[in-house]
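Residue-level listing of the chains:
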Amino acid sequence: MLGRTVRPAATVAPGVGTLRGIWLAKGRDGSLTVYAPAEGGLRRWTETRPGAKDWGQPVLVPIAGLTHLSVTQDVNAYVHFVGRRERRKADGRTVVDVVYAIQYQTGRPVSEWRSLGNPHKDAEPAGRLGEPAVVVTPSGMVHIFVRNADGGLALRREQSDGKWRPWNDRRGSGIASTLAAIALASGRIELFATTADGILHWSQQAPGGALGEGRPARLAAAPGSVAVLETGPDRPTYYWTDPAGHGVVAYREGAWPTALGGVPGDGPHTALRALLDGYDCTVLAHRGIDGSAVVGVGVTEDEGNGVWWSDTGVRCLVPPALALDVYGRVVMVVVDDDGIPRVARQTDDPGLTLSEWRRL
């Protein structure tokens, strides 16, 4: 038998610092890329060609000290990374800042990470900075939102000439967890946060307009579970876990929350629109209460007719990621118990049937 070189599996490192998660993006050429935490930064895997079953060797995107990361794409399919970073100085102090980088083309190097500072000048409140959330409007304006040390909202955004405006304190208080933000196709931005008393909801009245004050509502959402998806023209739907144990909830402003069932565990939900059997459907995914990846499907904005839930039986350390490949097929990525990403892709069978899982 001929000998062959066996490369050790490249594992992600969900325990590096506190950075956890997995991100999936489709480039302008249609190729998918998986990003996951690794020792010394992020590790990425890219399809060898759009829609292919095979993926290239992992590439390290170096960035030390990340504790949280937010990833989004703009209309050009550029991938924007915003992270919260902690660095230990020689005198023992820990410095916390927000960092930003961008990847313009699939498989190409990521730009140099740029520090955007911290809305707090003093070290003690700066260390209590929350997790950033990034959105990019269709006009290309990058907006970064973060919970400040007092539980209020801080904003930093890029100007049309590429220069960054200073941090802006939006005031307020009570933000308890991760922010959920979306830039709608119209150019408007909406923002959603959980508090001890319910939620806060910010909504621009017009693209480029004032964000206004966060409107409170007594809706119960488990902190860190909220996801948002544009389900109609200029109309977002928010999904979260009910803290009382009643499963997944869907909510659109002006309507009552709708129970969707399911038994989610901790962590956020992932939401995606896909055409299934000719129907505009919403695909939801989360980490189930037993630690396995769970996927649900329902007709978009028709929550009253229910959501079909299926446990994949594949364990995941962090909530799954979803995307559509170049052929419009649903792709799901998880990180298994060994810290290795696994990928499953929609088959040609009716409904949403996933292929066998492939390790990267």
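Scoring rules and cut-offs
- All residue numbers refer to positions counted from 1 along the written sequence of the respective chain.
- Totals for whole chains, interfaces and linings use all residues, but because this is a predicted model, local features are given only for residues with pLDDT of at least 70 and pairs of side-chain atoms are given and counted only at 80 or more.
- To obtain the side-chain values, all non-hydrogen atoms of the structure were used and water was disregarded.
- Note on exposure labels: buried denotes an accessible area under 20% of the residue type's maximum, exposed denotes more than 50%, and partly exposed covers the range between, all computed with a 1.4 Å probe on protein chains only.
- In this text, helices come from DSSP runs of H or I with a minimum length of four residues, and strands from runs of E with a minimum of two, each type numbered from the N-terminal end.
- When DSSP finds two or more bridges between a pair of strands, those strands are recorded as paired.
- In summary, the pairing rule links any two rings of Phe, Tyr or Trp, Trp by its six-membered ring, whose centres are within 6.5 Å, and it sorts them by plane angle into stacked for under 30 degrees, edge-to-face for over 60 and tilted for everything else.
- Take a side-chain nitrogen of Lys or Arg and a carboxyl oxygen of Asp or Glu: if they are within 4 Å of each other, that pair is a salt bridge.

A word on the pairing of strand E10 (residues 142-147). In the case of a regular strand, side chains alternate between the two sheet surfaces. With five of six residues buried, E10 lies mostly within the body of the structure. Two elements, strand E9 (residues 133-136) and E10, share four bridges in a ladder whose sense is antiparallel. Considered in E10, the bridge of Val134 is made with Ile144. Counting the residues that bridge the hairpin from E9 to E10 gives five residues, and of these Gly140 lies at a positive phi of roughly 95°.

If you walk through the whole model with that rule in mind, you get seven aromatic pairs. Taken together, a centroid distance of 6.0 Å and an interplanar angle of 50° make the contact between Phe81 and Trp113 tilted. Highlighted residues: Phe81 in strand E6 (residues 79-88) and Trp113 in the loop between strand E7 (94-103) and strand E8 (114-115), separated in sequence by 32 residues. Each member of the pair, Phe81 together with Trp113, is buried. For the ring pair Trp240 and Tyr251, a centre distance of 5.8 Å and an interplane angle of 45° mean the geometry is tilted. Of the two residues, Trp240 is situated in strand E18 (residues 235-241) and Tyr251 in strand E19 (residues 248-251); the sequence distance between them amounts to 11 residues. Of the two residues examined, Trp240 and Tyr251, each falls in the buried class. Pairwise contacts between aromatic rings join Phe192, Tyr238, Trp240 and Tyr251 into one cluster.

Turning next to unusual backbone geometry. Here Ala77, not a glycine, exhibits a phi torsion of approximately 70°, which is positive. In this fold, Ala77 is placed in the loop between strand E5 (66-73) and E6. Of note, Asp234 is a non-glycine position whose phi angle comes to about 60°, a positive value. With respect to the helices and strands, the residue Asp234 is situated in the loop between strand E17 (227-232) and E18.

Next up on the list: the pattern of salt bridges. Counted according to the given criterion, the structure contains 21 salt bridges. Here Arg287 makes a salt bridge to Asp266, at a shortest N to O gap of 3.2 Å. Taken as a pair, Arg287 in strand E22 (residues 279-287) and Asp266 in the loop between strand E20 (258-261) and strand E21 (270-276) lie far apart in primary sequence, 21 residues in all.

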